[in-house]
Amino acid sequence: MREAQGGYLTDPTEHHEAILSAVDAGFERQIQFTEALVRFPSIRGQEGTCQDFLFDAYQSRGYAVDRWRIHPEDIAHHPGFSPVSVSYDQAINVVASHRPQEQIGRSLILNGHVDVVPTGPVDLWQQPPFEPVRRGDWLYGRGAGDMKAGLAANLFALDAIASLGLQPAAPVFVQSVTEEECTGNGALAALVRGYQADAAIITEPVGESLVRTNVGVIWFQVHVTGHPVHVASASSGANAIDAAMYLIAALKDFERDRNAQKSRYPLFADLEKPINVNVGKIAGGDWASSVPAWCRFDVRTGLYPGEDAKEQARAIEDFLRQAAGGHPFLSNNPPEVSFNGFMAEGYVLEPGSDAEQLLVNLHRKVVGAPLQGIPSLAYLDARVFALYAETPCLVYGPDSDNIHGFDERVSLESIRRVTKTLALFIAEWCGLEPQPKASATSGHAAK
């Protein structure tokens, strides 16, 4: 133990076993908290009430809490900004801040996103998607894995430390952001607002692995206009849905060409298909007996790390224009292409940081096995930290199944292990100091 202004700083390793036990002691409360988060249907445009719940949870623990609505005009100038096509009235960010009595350790951001994807047909779920259910080692529900278990782990790792009368000896910012599933503008808005630290951890459900590299993502929408006539004279018209299907088939060639480039990217070279081009939504036509006048479909495509998103957007436009040139109707009536979400670049987690080495060591201590590095083919907010803040960002979280699908679930024991590793990381990275007397009796872990 070494003396510092305002109290004594302790050797974090002296508290490892007590911290691990504290996570166990608070684990049932942690899962109940996770279940409460799942009950909020925080799909896009409906995140506000869940953020209110988290605001209250952070504030009740004595943290300073910043809650604000994202204004696109505040971040539109930033190179990491993604286009916005919907209202941001409920695009709410919440950040809880811990400040030490004296900063001795290194600062940390604990990040998670509150938004979840739509459920799809609810009758295809085993249970209502926003009513969490435990079965054996699994907690089921939309958002249980992606990523409300991670949001809870961030908070309850701190609770475990607080229950011992200790607190981090460095600033810690607990971020609950939105827009992760569609633009990445939530994490970007927190960065632009000034939240930075010496390292960041995002507790995404990545199977207790560490993400080494991550694809970028672009969303775009293709609008095709046809020539409507009565179906009795269909041959004199132009079917917009048929024309759209022609372009969708052509996008398979685009996907194949993009994946043929994987050998240039060593971290993706061994994957069968690192670039996925997905037509995720389609609508068209107005009447079964009319040749459809319009069709619109939405697409998501991946990018290799290092590729410029805006350049790749132009390449998409060029490809669709050339494809349309081979169609008898589209050649004179080309589709309109708009970009309505992700315009996000990929990243590589550069090896060798102190933060990564610490996580490697603590994961082995808790799990008893080496920490595996993996590539991610899904969007991650880590790109904000890696590309625009020069901050080592460790994406590390629990094991889950069926995220974005039916019967999404997350492993309870995996949550426990991740929370233990995270709590030890906070202690080692930030250092520990006694709580002020008023805080030490406030019962953080009981909230």
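Here goes a summary of the coordinates provided. (Residues numbered from 1 in each chain as written. Predicted model: local features only at pLDDT ≥ 70, side-chain atom pairs only at ≥ 80, totals over all residues. Heavy atoms only, no water.)

Here we look at the overall build of the protein chain
In step 1: From N to C terminus, the protein chain includes 12 helices and 22 strands.
In step 2: Taken over C-alpha atoms, the radius of gyration comes to 24 Å for the protein chain, in line with the 22 Å a tight globule of 447 residues would show.
In step 3: Overall, the C-alpha framework of the protein chain stretches about 85 × 45 × 40 Å when taken along its three principal axes.
In step 4: Among the 447 residues that make up the protein chain, the fraction classed as buried is 56%.
In step 5: Once local pairs closer than 6 in sequence are excluded, the contacts in the protein chain between residues at least 24 apart make up 83%.
In step 6: About 18,200 Å² of surface is accessible on the protein chain, with carbon and sulfur atoms providing 50% of the total.
In step 7: In the protein chain, 36 positive and 54 negative side-chain charges are present, and the distance between their average locations comes to 2 Å. (Helix = DSSP H or I, 4+ residues; strand = E, 2+ residues; numbered from the N terminus. Rg over C-alpha atoms; globule rule 2.2 N^0.38 Å. Buried < 20%, exposed > 50% of the residue type's maximum accessible area, 1.4 Å probe, protein only. Contact = heavy atoms within 4.5 Å. Areas by Shrake-Rupley, 256 points an atom, 1.4 Å probe, with all protein chains shown as cover. Lys, Arg positive; Asp, Glu negative; His and termini not counted. Charge placed at Lys NZ, Arg CZ, Asp CG, Glu CD.)

So, the sheet that holds strand E18 (residues 373–376)
In step 1: With mixed pairing, 3 strands are arranged side by side in an open sheet as E17-E11-E18. Only two strands of the sheet have a single partner each, and these edge strands are strand E17 (347–348) and E18.
In step 2: Sheet topology note: the strand E11 (residues 210–214)/E17 ladder contains 2 bridges and is antiparallel. By the bridge assignment, Asn214 is partnered in E17 with Tyr347. (Pairing = 2+ DSSP bridges.)

Regarding unusual backbone geometry
In step 1: Following Asp146, the chain continues into Met147 via a peptide bond in cis, with omega recorded as -10°.
In step 2: With respect to the helices and strands, Met147 occurs in helix H5 (residues 144–162).
In step 3: Notably, Glu390 is not glycine yet its phi reads approximately 50°, a positive angle.
In step 4: Inspection of the secondary structure puts Glu390 in the loop between helix H10 (382–388) and strand E19 (393–395).
In step 5: Taking the relative accessible area as the measure of exposure, Glu390 reaches 75% and is therefore exposed.
In step 6: The phi dihedral of Asn402 falls on the positive side, at around 60°, and the residue is not glycine.
In step 7: Considering the arrangement of structural elements, one finds Asn402 in the loop between strand E20 (400–401) and strand E21 (409–411).

What about the state of the cysteines?
In step 1: Under the counting rule described, the total for this entry stands at 0 disulfides.
In step 2: Distance from the sulfur of Cys50, which forms no disulfide, to the nearest cysteine sulfur (Cys182) is 15 Å. (Disulfide = S-S within 2.5 Å.)

Digging into helix H8 (residues 309–324)
In step 1: When the terminal C-alpha atoms of H8 are compared, their 23 Å separation across 16 residues agrees well with the 22 Å that a helix rising 1.5 Å per residue should span.
In step 2: Listed as buried for H8 are Ala309, Gln312, Ala313, Ile316, Phe319, Leu320, Ala323 and Ala324. For H8, the arc enclosing every buried residue in end-on projection is 130°, short of the 170-degree limit, so these residues lie on one face. Opposite the buried face of H8, at more than 90 degrees from it, the exposed residues are Arg321 and Gln322.
In step 3: Looking at the packing, one finds that the buried side of H8 touches strand E12 (216–225), helix H7 (240–259), strand E14 (294–303), strand E15 (336–338) and strand E16 (343–344).
In step 4: Its side-chain oxygen placed 3.0 Å from the backbone nitrogen of Lys310, Asp308 serves as the N-cap of H8. (Expected span 1.5 Å × (residues − 1). Arc of directions from axis to C-beta. Polar contact = N/O pair within 3.5 Å; in protein donor to acceptor, adjacent residues only side chain to side chain.)

Quick notes on the pattern of salt bridges
In step 1: Taken as a whole, this structure holds 21 salt bridges when the rule is applied.
In step 2: Among the ionic pairs, Glu179 bridges to Arg44, the shortest N-O distance being 2.9 Å. Of the two residues, Glu179 is situated in the loop between strand E9 (172–177) and helix H6 (185–192) and Arg44 in the loop between helix H2 (27–38) and helix H3 (48–60); the sequence distance between them amounts to 135 residues.
In step 3: For Arg44, a relative accessible area of 28% corresponds to the partly exposed category.
In step 4: The salt bridge involving Arg61 is made with Asp159; its shortest N-O contact spans 2.8 Å. One end of the pair, Arg61, is in the loop between H3 and strand E3 (64–69); the other, Asp159, is in helix H5, with 98 residues separating them in the sequence. For the pair shown, Arg61 and Asp159 are each scored as buried. (Salt bridge = Lys/Arg side-chain N within 4 Å of Asp/Glu carboxyl O.)

Overview of the nonpolar core
Among soluble globular proteins, nonpolar side chains are generally buried collectively.
In step 1: If you look at the biggest cluster of nonpolar residues, it comprises 85 residues, and the most contacted ones within it are Leu108, Leu110, Phe425 and Ile426.
In step 2: Not counting the four nearest positions on each side in its chain, Ile426 is found in contact with Leu108, Leu110, Ala157, Leu158, Ile161, Pro168 and Gly431.
In step 3: Membership of the second largest hydrophobic core comes to 28 residues, among which are Ile218, Ala250, Ile316 and Ala323. (Core = buried A, V, L, I, M, F, W, Y, C linked by side-chain atoms within 4.5 Å.)

Things to note about the side chain of Ser42
In step 1: Following the sequence through the fold, Ser42 ends up in the loop between H2 and H3.
In step 2: Here Lys148 takes part through its side chain, which lies 2.8 Å from a polar atom of the side chain of Ser42.
In step 3: Those residues within four positions of Ser42 in sequence are excluded, and the remaining contacts are Glu47, Cys50, Val114, Asp115, Val116 and Lys148.

Just geometry here; none of it tells us what the structure is for.
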